[in-house]
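Descriptive analysis of the structure
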Amino acid sequence: PAVEEAAEFVRSKADNFVILGIGGSALGPIAVHRALNHLYHNDLPSEKRKSPRLFVEDNVDPERMAALLDVIDTDRTVFNVITKSGSTSETMAQLLIITRMLIDRYGEEGLRDHLIATTDKQKGNLIGIAKKYNLRTFIIPDGVGGRFSELCPVGLVAAAVGGADVRALLAGAGYMDELCSNADVKRNPGLMLALLEIIAAEKHGANIGVLMPYADSLKFMADWYAQLWAESLGKRTDNGGSVVHTGQTPVKALGVTDQHSQVQLYTEGPFDKVITFIGVDKYRSEVTIPHSFDDIADVAFLSGHSFNELIKSEQMATEYAVTRSGHMNKTITLPVVNPFTIGELLYFFEIQTAYAGELLNINAFDQPGVEEGKNATYALLGKHGYDEKRRELDSAKPKKAGYIF
Ligand code: PA5
């Protein structure tokens, strides 16, 4: 109910909902929004748009922040700052900009009307800020890392603001949890597909995993999945401390678009990948191809068919070509894209990743490699307590002058 209440508040007050966050705090909300809303949601005229425009600010490119401020009217905007650690530099830098602007315009007492916080109950600085300014606050449960957090308030608030039935989303996840709890691997899709990926990677050299949805609505599901798989499984050491350097490299593709970009490589290139197609049985629109040039046989054969048939045929044809050339692949089919099936899909990928971590005997839930980069950034920007790291960076080998043009 708290999620639905907050969403109601945002929907009644705002034309724009802006997420400040990065990594797991951004990719899930983007993926779900794209899956469940109009594909050109932000461009719809306001009378046709049923929910606020969504902007997810997951970069600190100055041009992007400037561009955002050009297109939103802050009077009609609610921001949701999301950070599990409460300390990520990118997110905190964005927060500094936005709070300064909001306080200057609406005073400290006005901040609550424009800013929601989602963070850990005690770690980091955001929780203190949230309490100080009495912000609507959502707590990310203990033990839920960023990339596994889409089905908690990190993702649910944005989904509810967009008008999604979050109860159906959670019901889908719950259903998948039941399926993926089965001890029989043949009846447990999460365990089965984790096992197949690991066998493909470890025994057959498939170091690359391509995720290729045949649906524009699922395009950003591949981005979300890429982070989940890469950050969870890309590890230097296993649970026993041995150096293992595990991890299959995730690659994002989109059917049919990338048939004209990557599929040549997938059919004739090296046998170093598994391709996972995602199909949709019933698209939410039906588009028929009319008769426009019946006198040109090479074009006229398309007339009378639909885009629905075309995309399905192209998916089948690509699966056939990839299989025929001996490249490993599999297909996940959603009956339709809706909150229930998206909940299922999100949960499926999360549990598959967790099982894969167990099979590899690594910790799928930490990200020491990312922490290293975060610490180096703190040192470069002079954060207190990072002097030693700064000295280490200053003494790092410079790039070879002979290769700088
Ligand atoms: O999956 C993760 O834990 C990371 O990708 C984080 O989501 C990302 O680093 C952002 O961290 P935080 O939510 O603490 O700001």
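It should be emphasised that the depicted structure is a prediction, and the values quoted were computed from it without experimental measurement.

Points about the overall build of the protein chain
Within the protein chain one finds 15 helices and 9 strands. Residue burial in the protein chain is summarised as follows: out of 405 residues, 47% are buried. In the protein chain, 71% of the contacts between residues at least 6 apart in sequence involve partners at least 24 apart. For the protein chain, the exposed surface amounts to about 20600 Å²; the carbon and sulfur share of it is 55%. Placing the 41 positive and 52 negative side-chain charges of the protein chain at their respective mean positions leaves the two points 4 Å apart.

Some details on the packing of helix 2 (residues 27–36) against helix 9 (residues 219–233)
Running from N to C, helix 2 and helix 9 cross one another at 155 degrees; their axes reach a closest spacing of 7 Å. Classed by the angle they form, the pair helix 2 and helix 9 counts as roughly antiparallel. Note on packing geometry: the crossing formed by helix 2 with helix 9 is left-handed. Contacts from L27, G28, I30, A31 and R34 in helix 2 reach K219, F220, M221, D223, W224 and Q227 in helix 9. When grouped by side-chain class, the residues that make up the contact of helix 2 with helix 9 number 6 nonpolar, 2 polar and 3 charged.

Regarding the nonpolar core
F17, L218, W224, I342 and F349 are the most contacted members of the largest nonpolar core, which has 78 residues in total. In contact with F17, other than residues within four places in its own chain, are V10, P52, R53, L54, F55, V78, N80, V157, A158 and V161. One finds I72, F79, L95 and M101 within the second-largest nonpolar core, a separate group that totals 21 residues.

A look at helix 9
Over its 15 residues, helix 9 runs 22 Å from end to end, which matches the ideal 21 Å to within 8%, given 1.5 Å per residue. Tucked inside the fold, the buried residues of helix 9 contact helix 2, helix 8 (189–204), strand 6 (208–213), strand 7 (249–252) and helix 13 (339–360).

Some remarks on the sheet that holds strand 1 (residues 16–20)
Ordered by their spatial adjacency, 5 strands build an open sheet running 2-1-3-4-5, and the pairing between neighbours is parallel. Each edge of the open sheet is held by one strand with a lone partner, namely strand 2 (53–57) and strand 5 (136–139). This sheet shows a mean twist of 15 degrees between the axes of neighbouring strands, independent of strand direction. With 5 bridges connecting them, strand 1 and strand 3 (residues 77–83) associate as parallel partners. Among the inter-strand pairings, N16 is bridged to a residue of strand 3, identified as T77. Helix 3 (residues 62–71) rests against strand 1 and strand 2 of the sheet, and its axis sits at about 160 degrees to strand 2.

What about the pattern of salt bridges?
Applying the stated criterion to the full structure yields 17 salt bridges. Ionic pairing is found between R76 and D15, a salt bridge with its closest N-O pair at 3.1 Å. Residue R76 is located in the loop between helix 3 and strand 3, and its partner D15 is located in the loop between helix 1 (2–13) and strand 1; the two are separated by 61 residues in the primary sequence. For D394, the salt bridge is made with R390, and the minimal N-O distance between the two is 3.3 Å. With a gap of 4 residues between them, D394 and R390 both fall in helix 15 (residues 387–394), about one helical turn apart. Accessibility expressed as a relative area gives 53% for D394, which makes it exposed. Here the salt bridges share partners, and the residues they tie into one network are E57, D58 and R64.

Parameters and conventions
Residues numbered from 1 in each chain as written. Predicted model: local features only at pLDDT ≥ 70, side-chain atom pairs only at ≥ 80, totals over all residues. Heavy atoms only, no water. Helix = DSSP H or I, 4+ residues; strand = E, 2+ residues; numbered from the N terminus. Buried < 20%, exposed > 50% of the residue type's maximum accessible area, 1.4 Å probe, protein only. Contact = heavy atoms within 4.5 Å. Areas by Shrake-Rupley, 256 points an atom, 1.4 Å probe, with all protein chains shown as cover. Lys, Arg positive; Asp, Glu negative; His and termini not counted. Charge placed at Lys NZ, Arg CZ, Asp CG, Glu CD. Axes fitted to C-alpha atoms, helices over the stretch in contact; angles between N-to-C directions. Parallel < 35°, antiparallel > 145°, perpendicular 65-115°, else oblique. Left-handed = near helix turned anticlockwise from the far one by under 90°. Nonpolar A, V, L, I, M, F, W, Y, C, P; charged D, E, K, R; others polar. Core = buried A, V, L, I, M, F, W, Y, C linked by side-chain atoms within 4.5 Å. Expected span 1.5 Å × (residues − 1). Pairing = 2+ DSSP bridges. Salt bridge = Lys/Arg side-chain N within 4 Å of Asp/Glu carboxyl O.

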